[in-house]
Amino acid sequence: MKSCEVVFELNNLYRYGIYPRTQSGLSGILFAPLLHAGWEHLSSNTLPILILGAFLFYFYRPLSYKIFLLIYFISGLWIWAFARYSFHIGASGLIYGLSMFLFASGVMRKDLRLMGISALVVFLYGSIFMGMFPLVKKEISWESHLLGALAGFIIAF
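Criteria and cut-off values
- Residues numbered from 1 in each chain as written.
- Predicted model: local features only at pLDDT ≥ 70, side-chain atom pairs only at ≥ 80, totals over all residues.
- Heavy atoms only, no water.
- Phe/Tyr/Trp six-rings, centres within 6.5 Å; stacked < 30°, edge-to-face > 60°.
- Helix = DSSP H or I, 4+ residues; strand = E, 2+ residues; numbered from the N terminus.
- Buried < 20%, exposed > 50% of the residue type's maximum accessible area, 1.4 Å probe, protein only.
- Axes fitted to C-alpha atoms, helices over the stretch in contact; angles between N-to-C directions.
- Parallel < 35°, antiparallel > 145°, perpendicular 65-115°, else oblique.
- Left-handed = near helix turned anticlockwise from the far one by under 90°.
- Contact = heavy atoms within 4.5 Å.
- Nonpolar A, V, L, I, M, F, W, Y, C, P; charged D, E, K, R; others polar.
- Patch = residues over 30% accessible without salt bridge, like charges linked within 9 Å, V, L, I, M, F, W, Y side chains within 5 Å.
- Areas by Shrake-Rupley, 256 points an atom, 1.4 Å probe, with all protein chains shown as cover.
- Salt bridge = Lys/Arg side-chain N within 4 Å of Asp/Glu carboxyl O.

**Details of the packing of aromatic side chains**
Inference 1: Summed over all chains, the structure comprises nine aromatic pairs.
Inference 2: A ring pair is formed by Tyr14 and Phe87, whose centres lie 5.0 Å apart and whose planes are at 75°; its orientation type is edge-to-face. Of this pair, Tyr14 sits in the loop between helix H1 (4–7) and helix H2 (28–31) while Phe87 sits in the loop between helix H4 (64–82) and helix H5 (92–109), and the two are 73 residues apart along the sequence.
Inference 3: Note on Tyr14: relative accessible area 39%, which makes it partly exposed.
Inference 4: Under the relative-accessibility criterion, Phe87 is labelled partly exposed at 34%.

**Thoughts on the packing of H4 against helix H7 (residues 142–156)**
Inference 1: Two numbers describe how H4 lies on H7: the axes approach to 9 Å, and their chain directions differ by 135°. Considering their axes alone, H4 and H7 lie oblique with respect to each other. Considering how the two elements wind past one another, H4 and H7 form a crossing that is right-handed. Contacts from Ile67, Leu70, Ile71, Ile74, Ser75, Trp78, Ile79 and Phe82 of H4 reach H7 at Ser144, Leu147, Gly148, Leu150, Ala151, Gly152, Ile154 and Ile155.
Inference 2: In terms of residue class, the contact of H4 with H7 is built from 12 nonpolar, four polar and no charged.

**Points about a nonpolar patch on the surface**
Inference 1: A cluster of nonpolar side chains, namely Tyr16, Leu30, Phe31, Leu34, Leu69 and Phe73, defines an oily patch on the protein surface of about 570 Å² accessible area.
Inference 2: Secondary structure elements with two or more residues in the nonpolar patch: H2 and H4.
Inference 3: Secondary-structure assignment places Leu30 in helix H2.

See the structure below:
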């Protein structure tokens, strides 16, 4: 199966990602979470975004759109401002932000249902937090992970 870049003869879509501290990289704040390096990258982000998004929109219904958009844009802006010079693409900053928001919000609010969601997030996605450190692969944007998680934590607070 060919990627959409190949099918539609689009080359180098990554250039629409976030490239830190450049004017052209600013548009990546909007587009980066929608771009992926291939089908494997897309599929590894799809299920977590659906599960965490469902938790957010079910348990935080009145604020869900605001929380989602804040994590989306704050993490993107911080990646643009603080990450290393490289193209940053993918929805992992958003995934880390949603994970951290759901975890921290449940713990801080001391609501039994929300604490259950916190525990479930740790059970399902606790291992992803190792991705916030530059110990993984060089081509993975650990900065997106770290800054997304930080945005989620601050928004939960």
